[in-house]
Amino acid sequence: MKIQRRITLGIGILFAMILLLGIQSVSYVRQLSQATGTILADNYNSLQYAGGMLQSLNDIGEDSVSRHILRENLALQRQNITEINERESTSTLERHIASLSDPVTEAEIRTVRQDLFRIMELNMAAIRAKSLAVEERADYVMWWLIVVAALCAVIAGAILVWFPRSVLRPIDVLKRGITEIANHNYEQRLEFPGNREFESVAESFNDMAAKLDEYRRSSLDDLMAAKKRIEAIVDTLHEPIVGLDPDRRILFMNREALSVLNLPQEVVGRNATEVALSNDLLRRLIRGLCEKKDPEPLKIYADNKESYFQVENTPLYITPVGGSERQFVGNLIVLNNITRFKELDSAKTNFISTVSHEMKTPISSILMSLQLLGDTRLGELNTEQKQLVGSIKESSDRLLSITGELLNMTQIETGKLKLMPKITKPIELINYAVKATQVLADRFCCFVEVDYPEKISKLFVDNEKIAWVITNLLSNAIHHSPEKSRIIIGAVQREKAIEIYVRDFGRGIDPRYHTSIFERYFRVPGTKVQGSGLGLAISKEFVEAHGGTISVESEIGKGSRFSILLPA
């Protein structure tokens with residue numbers, strides 16, 4: 001049955017019940033009204049006429065009008081005879097009134113009065129009988145209306161329960177079907193037998209579900225093929241790769257990773273934290289996920305030799321369909337094999353160390369020869385020869401300085417840097433740097449000022465290494481300052497640390513290069529001062545080896561302030 005017909009049927013039944021109850025109620029009320037009107041019209045009027053005749057009978061001896069009123073009421077009573085025996089009583093009354101003498105005797109009045117009382121008793125009895133009949137009828141009507149109303153209420157209640165269910169049942173079925181489709185259950189089908197309106201809806205729904213199921217199957221095949229293809233690509237990569245979900249569950253691990261980590265294929269799908277309990281290398285990788293700084297390369301025995309791997313951790317984020325905020329979906333850990341680069345770096349370090357060490361001997365010979373040339377006992381040099389000797393000495397000194405820096409760098413790279421710390425006053429380190437750069441400051445006409453507090457803690461450092469750092473910073477400040485410029489070198493107490501700084505008022509350094517200047521071989525673009533680009537890198541390594549830090553504050557046109565912070 002169509003929903004429209006069900007609605008029409010339900011409303012029609014309710015309307016018919018309301019109409020039936022209304023008609024029945026009006027009919028019964030009308031019957032009661034007619035019964036009440038009959039009592040008023042038949043019996044009450046007779047009582048009124050009898051009462052008028054009694055009043056006239058009382059006054060009949062006093063005036064002649066009373067006899068006329070008596071006859072009028074008698075005529076009205078004769079026209080209002082409604083009860084059994086009332087006609088005979090009325091005829092008797094009429095006969096007795098007609099025989100009244102003039103003047104009227106008491107006997108005649110008494111006889112007429114008795115006739116009137118008889119008529120009144122007849123009507124009173126009729127009123128009582130009719131009232132009882134009306135009451136019985138009213139009781140009957142009341143119970144009948146109660147039964148009809150109860151029946152209507154039961155029918156209305158049944159319609160109230162059945163009708164919404166009948167109308168909403170197919171809608172609920174359709175809603176459940178849509179929910180199943182939304183939950184990717186494309187095998188859901190709908191049936192509405194006997195419901196023409198929803199049969200077409202069910203056909204469209206089933207057709208849609210079938211097409212979605214077919215599309216899902218084809219898409220699933222494509223996705224599985226793509227997944228297999230990606231897995232094959234990942235497996236062919238030479239770098240070990242590990243994928244984790246947000247709960248640290250292992251999503252995938254290629255053959256290289258399984259081989260390097262010495263794990264079976266069965267670990268895929270398990271929690272990485274649990275697997276790491278019995279695997280030290282995986283435990284180091286999991287621990288590295290929480291570290292913000294770049295981890296040190298891992299030294300692993302792989303490919304029948306000691307290999308080095310640089311851990312690269314990449315957090316993965318996606319933007320869900322229909323969403324606007326990115327959602328974290330896991331981590332991708334890649335172990336980049338840097339063994340070849342380590343070997344090349346080691347070869348480069350050994351080469352530089354060997355070359356630098358071998359160059360120191362001829363450089364020292366050159367400097368000694370220059371010193372002998374400058375000795376007047378071997379003969380006087382003319383002006384041009386003295387300039388040439390000075391130029392050669394300057395170049396030799398610069399070459400010796402670069403050679404020393406290269407040797408320091410090779411010590412740092414090979415891990416052979418040894419510290420020999422002792423208790424030292426900061427002023428001793430500052431005075432050493434000032435004396436070491438005095439000739440350079442005089443050449444550039446720079447004025448070096450020492451800013452030193454009266455009370456300051458002592459340091460426990462390697463004098464040679466830290467003095468070299470301060471000297472390097474002061475030398476850089478002199479090289480990058482204009483002539484007749486001030487340079488301030490000093491120390492400041494910082495709670496449990498000592499800050500030694502060098503302040504110049506030169507060109508300054510672009511903030512973009514504040515980090516890069518501490519990298520090896522880096523030189524600020526546009527700098528005319530020649531150098532190896534190793535001074536600040538070596539200074540950083542020396543300071544950090546003492547547990548300290550080195551930093552710079554600089555702006556273009558406002559000079560630079562380099563500072564090292566060492567534990568007191």
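Our subject is the structure that appears above.
The structure presented is a predicted model; accordingly, all values stated were derived computationally and were not measured.

**Here's the deal with a nonpolar patch on the surface**
Turning to step 1, where the next piece is worked out: Side chains of L9, I13, L151, I155 and W162 sit close together on the surface and give an oily, nonpolar patch of about 410 Å² of accessible area.
Turning to step 2, where the next piece is worked out: Of all the secondary-structure elements, those providing two or more residues to the nonpolar patch are helix 1 (3-58) and helix 4 (106-182).
Turning to step 3, where the next piece is worked out: Per-element tally for the nonpolar patch: the top contributor is helix 4, with three residues.
Turning to step 4, where the next piece is worked out: Within the secondary structure, L151 is located in helix 4.

**Some thoughts on the packing of aromatic side chains**
Turning to step 1, where the next piece is worked out: Evaluated as defined, the whole model comprises four aromatic pairs.
Turning to step 2, where the next piece is worked out: Ring centres of W468 and F542 lie 5.8 Å apart, and the angle between their planes is 75°; on these two criteria the pair is classed as edge-to-face. A residue pair is termed long-range when its members are at least 10 positions apart, and W468 in helix 13 (residues 463-479) and F542 in helix 14 (residues 535-545) qualify at 74 residues.
Turning to step 3, where the next piece is worked out: Overall, the relative accessible area of 1% leaves F542 in the buried class.
Turning to step 4, where the next piece is worked out: A cation sits over an aromatic face here: R326 above Y317, 4.5 Å from the ring centre.
Turning to step 5, where the next piece is worked out: The ring centre of Y501 lies 4.3 Å from the NZ or CZ of R561, which sits over that ring.

**Remarks on helix 2 (residues 65-78)**
Turning to step 1, where the next piece is worked out: Between its first and last C-alpha atoms helix 2 spans 20 Å; for 14 residues at 1.5 Å apiece the expected length is 20 Å, and the two agree.
Turning to step 2, where the next piece is worked out: Of the residues making up helix 2, those classed as buried are S66, R67, L70, N73, L74 and Q77. Taken end-on, helix 2 shows its buried residues confined to a sector of 125°, consistent with a single buried face.

**Section: the side chain of D245**
Turning to step 1, where the next piece is worked out: With respect to the helices and strands, D245 occurs in the loop between strand 1 (241-244) and strand 2 (250-253).
Turning to step 2, where the next piece is worked out: The class for D245 is buried, based on a relative accessible area of 10%.
Turning to step 3, where the next piece is worked out: One polar contact links the side chain of D245 to the main-chain amide nitrogen of R249, over a distance of 2.6 Å.

**Digging into the sheet that holds strand 12 (residues 560-567)**
Turning to step 1, where the next piece is worked out: Here we have five strands laid out as an open sheet, ordered 7-9-10-12-11, and mixed in their pairing. Each of the sheet's edge strands pairs with one partner strand only, and the pair in question is strand 7 (447-451) and strand 11 (549-554). Put simply, the sheet's adjacent strands are angled 15° from each other on average, direction ignored.
Turning to step 2, where the next piece is worked out: Bridge analysis of strand 11 against strand 12 gives six bridges, and the strand direction is antiparallel. Each bridged residue has a counterpart across the sheet, and for S554 the counterpart in strand 12 is S560.
Turning to step 3, where the next piece is worked out: Relative to the sheet, helix 11 (residues 426-436) contacts strand 7, strand 9 (486-494) and strand 10 (497-504), its axis offset from that of strand 9 by approximately 165°.
Turning to step 4, where the next piece is worked out: Relative to the sheet, helix 13 contacts strand 7, strand 9, strand 10, strand 11 and strand 12, its axis offset from that of strand 12 by approximately 170°.

**Here's the deal with the nonpolar core**
Turning to step 1, where the next piece is worked out: Ranked by size, the top nonpolar core spans 38 residues in total, and within it I470, L473, L474, I500, I517, F562 and I564 carry the most contacts.
Turning to step 2, where the next piece is worked out: At eight residues, the largest contribution of residues to this core is made by helix 13.
Turning to step 3, where the next piece is worked out: If we ignore the near neighbours within four places in the chain, the residues touching I564 are I466, V469, I470, L473, I498, E499, I500, V543, T549 and I550.
Turning to step 4, where the next piece is worked out: Core analysis: the second largest hydrophobic core is formed by 24 residues, M253, V260, L285 and L298 among them.

**Quick word on the packing of helix 2 against helix 3 (residues 86-98)**
Turning to step 1, where the next piece is worked out: Running from amino to carboxyl end, helix 2 crosses helix 3 at an angle of 160°, the nearest separation of the two axes being 10 Å. It follows from the interaxial angle that helix 2 and helix 3 lie roughly antiparallel. Regarding helix 2 and helix 3, the two cross each other, and that crossing is left-handed. Residues L70, L74, Q77 and R78 of helix 2 form the contact with helix 3, whose own contacting residues are E86, T90, L93, E94 and I97.

Cut-offs applied
Residues numbered from 1 in each chain as written. Predicted model: local features only at pLDDT ≥ 70, side-chain atom pairs only at ≥ 80, totals over all residues. Heavy atoms only, no water. Patch = residues over 30% accessible without salt bridge, like charges linked within 9 Å, V, L, I, M, F, W, Y side chains within 5 Å. Areas by Shrake-Rupley, 256 points an atom, 1.4 Å probe, with all protein chains shown as cover. Salt bridge = Lys/Arg side-chain N within 4 Å of Asp/Glu carboxyl O. Helix = DSSP H or I, 4+ residues; strand = E, 2+ residues; numbered from the N terminus. Phe/Tyr/Trp six-rings, centres within 6.5 Å; stacked < 30°, edge-to-face > 60°. Buried < 20%, exposed > 50% of the residue type's maximum accessible area, 1.4 Å probe, protein only. Lys NZ or Arg CZ within 6 Å of the ring centre and 35° of its normal. Expected span 1.5 Å × (residues − 1). Arc of directions from axis to C-beta. Polar contact = N/O pair within 3.5 Å; in protein donor to acceptor, adjacent residues only side chain to side chain. Pairing = 2+ DSSP bridges. Axes fitted to C-alpha atoms, helices over the stretch in contact; angles between N-to-C directions. Contact = heavy atoms within 4.5 Å. Core = buried A, V, L, I, M, F, W, Y, C linked by side-chain atoms within 4.5 Å. Parallel < 35°, antiparallel > 145°, perpendicular 65-115°, else oblique. Left-handed = near helix turned anticlockwise from the far one by under 90°.

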